[in-house]
Amino acid sequence: SDTVTVRLRTLDGLQTAAVSDTKQAIWSGAPGTWGTILARRVGTNRYDVWGSADAACPGATGVPNGFTQLAAGVPGPIDIATAASSGTAAAVPADLVGVCEPPTSAAKSGRIRYYRGIVRAVNDGNGAARTVNAVSVESYLRGVVPRESMPGWGDAANGAGMHALRAQASGARSYAL
């Protein structure tokens, strides 16, 4: 199936920290499952990778409290997922991989936003740190269409509102591809 990558702009230039509520986060560079996996850029396309048994966001700098260093200076990209996050049926946070976002004026302690697919720490063409979500088109649509159109529209006008949802899915699919 086709895969799209979506740049998570709120994390531009920052570390990539991904959590699994079920403590099933995986990274292909090391065996085992983790509550949190952290990838910190230490050079152009080089990362230190840390793991924690707890599903909690680490601090932005320094040695992360309660983490074990899994690798130092490894080449990127660093892909983080859960066993279920790439399936199109993944729908609840326990199935998905959560990304730690930095604090904002609205969320002073930061927040965790959940994604289907893989969360990837990568450098862009200029060497800047980026976090992207690599996800199948169908999984992308399952996440984006309900945020852009009210799911209840499908029941409107004795089901005729379903055409609006189909049009939204078609437009989102075309945009993604």
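In this text the structure is predicted, and so the values were computed from the model without any measurement.

S.K.: For this particular structure, what's the right way to read the pattern of salt bridges?
M.R.: Oppositely charged side chains can pair when the atoms bearing their charge come close. Inspection of the entire model under this criterion finds six salt bridges. Here D12 and R7 are joined by a salt bridge, their closest N and O atoms 2.4 Å apart. Classification of D12 as partly exposed rests on a relative accessible area of 26%. With relative accessibility at 36%, the residue R7 sits in the partly exposed group. Note that E101 and R111 form a salt bridge whose closest N and O atoms lie 2.8 Å from each other. Of this pair, E101 sits in strand β9 (residues 97–101) while R111 sits in strand β10 (residues 111–115), and the two are 10 residues apart along the sequence.

S.K.: What is the right way to look at the sheet that holds strand β5 (residues 36–43) in this model?
M.R.: Two strands in a sheet stick together by hydrogen bonds in their backbones, pointing the same way (parallel) or opposite ways (antiparallel). The strand order across the open sheet formed by six strands is β7-β6-β5-β2-β9-β10, and the pairing between neighbours is antiparallel. With partners counted over all chains shown, the strands left at the sheet margins are β7 (68–75) and β10, one partner each. Strand-to-strand, the axes of this sheet are offset by a mean angle of 25°, without reference to chain direction. Judged from the five bridges that link them, strand β6 (residues 46–52) and β7 form a sheet pairing that is antiparallel. Bridge pairing in β7 places Y47 opposite V74.

S.K.: Even after reading the chapter, I still don't get the sheet that holds strand β1 (residues 3–7), so can you show me in this structure?
M.R.: With antiparallel pairing, the six strands of this open sheet are ordered in space as β1-β12-β11-β8-β3-β4. If you trace the sheet from one side to the other, it starts and ends with β1 and β4 (30–34), each paired once. Averaged over all pairs of adjacent strands, the angle between their axes in this sheet comes to 25°, without regard to strand direction. As paired strands, strand β11 (residues 118–123) and strand β12 (residues 129–136) are joined by six bridges and run antiparallel to one another. Counterpart to I118 in the pairing with β12 is A134.

S.K.: Please clarify how the nonpolar core should be interpreted in this entry.
M.R.: A general feature of soluble globular proteins is that nonpolar side chains tend to end up buried together. Counting residues in each nonpolar core, the largest one holds 20 residues, and the members touching the most others are W27, I37, Y47, V49, V74 and I78. Residue assignment for this core shows that the elements contributing at least two residues are β3 (25–27), β4, β5, β6, β7, β8 (78–82), β9 and β11. Once residues lying within four places of it in the same chain are set aside, the contact partners of W27 are I37, V49, L70, A71, V74, I78 and D79.

The rules behind each value
Per-chain numbering applies: the sequence of each chain, read as written, is numbered from 1 onward. Only residues with pLDDT of at least 70 get local features here, since the model is predicted, and only at 80 or more are side-chain atom pairs given and counted; chain-wide, interface and lining totals rely on the full set of residues. Side-chain metrics rest on all non-hydrogen atoms present in the structure, leaving aside hydrogens and water. Salt bridges are counted wherever a side-chain nitrogen of Lys or Arg sits within 4 Å of a carboxyl oxygen of Asp or Glu. Type-normalised accessible area, obtained with a 1.4 Å probe on protein chains alone, sets the label of each residue: buried when under 20%, exposed when over 50%, and partly exposed for intermediate values. For helices the rule is a DSSP run of H or I covering at least 4 residues; for strands it is a run of E covering at least 2, with both sets numbered from the N terminus onward. One requirement defines pairing of two strands: DSSP has to find at least two bridges between them. Fitted lines through C-alpha atoms serve as axes, helices being fitted only where they are in contact, and the angles separating the N-to-C directions of these axes extend from 0 to 180 degrees. Note on terminology: a nonpolar core comprises buried Ala, Val, Leu, Ile, Met, Phe, Trp, Tyr and Cys residues joined through side-chain atoms within 4.5 Å. By definition in these notes, contact holds between two residues if any of their heavy atoms fall within 4.5 Å.

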